[in-house]
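Letter by letter, the chains look like this.
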Amino acid sequence: MPLPFVIDLTMDGDTYQCEYIGHGASKVVYKFSDASFKDTVLKLTLTEDPEPESFRRLSELASADRPDEKICPKVYSTARCQDVNDYNEPTRTWFGWLAEMATPLDRYMNHLTN
């Protein structure tokens, strides 16, 4: 499936530009261009993904056990999202979520050992 480098995301009537930063086997990740969403990413999959709920649960457990050592990104929101064509007609539905940008594992591990 061809992936656009830049997409427009509309939430609550406001439109934000998002830039492609990577993908895995089943998901695509975009970072907000808007400075007010500095460390927030949009993740999209074609089917519902267990990641947001897993991160919520792991984050709660990790925060309670070690509040100063956070490895799971915070999930802000999940929703169904739609691609639309130039006529504003839906063309594809995605499962999407807004999440905090993940800390790279090497940086997290260095934090634990220093």
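All values derive from a computational prediction rather than experimental measurement.

**What to know about the overall build of the chain**
Reasoning step 1: Per the secondary structure count, the chain includes two helices and six strands.
Reasoning step 2: The order of helices and strands in the chain, counted from the N terminus, is β-β-β-β-α-β-β-α.
Reasoning step 3: Residues counted as buried form 30% of the 114 residues belonging to the chain.
Reasoning step 4: For the chain, restricting intrachain contacts to residue pairs at least 6 apart in sequence, the fraction spanning at least 24 positions comes to 39%.
Reasoning step 5: Accessible area for the chain stands at about 8000 Å²; split by element, carbon and sulfur atoms hold 51% of it.

**Thoughts on the pattern of salt bridges**
Reasoning step 1: On inspection of all chains with the given rule, the structure shows seven salt bridges.
Reasoning step 2: A salt bridge links E51 to K27; the nearest nitrogen and oxygen atoms lie 2.7 Å apart. Taken together, the residues E51 in helix α1 (residues 51-65) and K27 in strand β3 (residues 27-32) connect sequence positions 24 residues apart. We note that E51, like K27, is buried.

**Remarks on the nonpolar core**
Reasoning step 1: With 13 residues, the main nonpolar core has I7, L9, C18, Y30, F32, L42 and L44 as its most contacted residues.
Reasoning step 2: Elements that contribute at least two residues to this core include exactly β1 (6-11), β2 (14-23), β3, β4 (40-45) and β6 (90-100).
Reasoning step 3: Here the element with the most residues in this core is β3; it accounts for three residues.
Reasoning step 4: Discounting chain neighbours no more than four positions away, the residues touching L9 are D14, T15, Y16, C18, F32, L42 and L98.
Reasoning step 5: With seven residues, the next largest nonpolar core counts V29, F55, W97 and A99 among its residues.

**Overview of the sheet that holds β4**
In a beta sheet, neighbouring strands are held together by backbone hydrogen bonds and run either parallel or antiparallel to one another.
Reasoning step 1: Overall, antiparallel pairing links the six strands, which are arranged β1-β2-β3-β4-β6-β5 in an open sheet. Each edge of the open sheet is held by one strand with a lone partner, namely β1 and β5 (75-84). Put simply, the sheet's adjacent strands are angled 35° from each other on average, direction ignored.
Reasoning step 2: Bridge count between β4 and β6: six bridges; the pairing is antiparallel. For T40, the partnering residue across the bridge sits in β6 and is E100.

**Re a nonpolar patch on the surface**
Reasoning step 1: On the surface, I71, L105 and M109 cluster together into a nonpolar patch covering about 280 Å² of accessible area.
Reasoning step 2: Here M109 is to be found in helix α2 (residues 105-113).
Reasoning step 3: Given a relative accessible area of 42%, M109 falls into the partly exposed group.

**Let's talk about the pairing of β2**
Reasoning step 1: Of the strand pairs in this sheet, β1 and β2 are connected by six bridges, and their pairing is antiparallel. Within the sheet, the bridge partner assigned to M11 lies in β2 and is D14.
Reasoning step 2: Taking the residues between adjacent antiparallel strands as the criterion, β1 and β2 are bridged by two residues, where D12 takes a positive phi near 50°.
Reasoning step 3: Relative to β3, β2 is paired through five bridges, and the arrangement is antiparallel. In the sheet register, G22 faces β3, and the bridge partner there is V29.
Reasoning step 4: Counted between consecutive antiparallel strands, the loop separating β2 from β3 contains three residues.

Here is what the cut-offs are and how they apply
- Residues numbered from 1 in each chain as written.
- Predicted model: local features only at pLDDT ≥ 70, side-chain atom pairs only at ≥ 80, totals over all residues.
- Heavy atoms only, no water.
- Helix = DSSP H or I, 4+ residues; strand = E, 2+ residues; numbered from the N terminus.
- Buried < 20%, exposed > 50% of the residue type's maximum accessible area, 1.4 Å probe, protein only.
- Contact = heavy atoms within 4.5 Å.
- Areas by Shrake-Rupley, 256 points an atom, 1.4 Å probe, with all protein chains shown as cover.
- Salt bridge = Lys/Arg side-chain N within 4 Å of Asp/Glu carboxyl O.
- Core = buried A, V, L, I, M, F, W, Y, C linked by side-chain atoms within 4.5 Å.
- Pairing = 2+ DSSP bridges.
- Axes fitted to C-alpha atoms, helices over the stretch in contact; angles between N-to-C directions.
- Patch = residues over 30% accessible without salt bridge, like charges linked within 9 Å, V, L, I, M, F, W, Y side chains within 5 Å.

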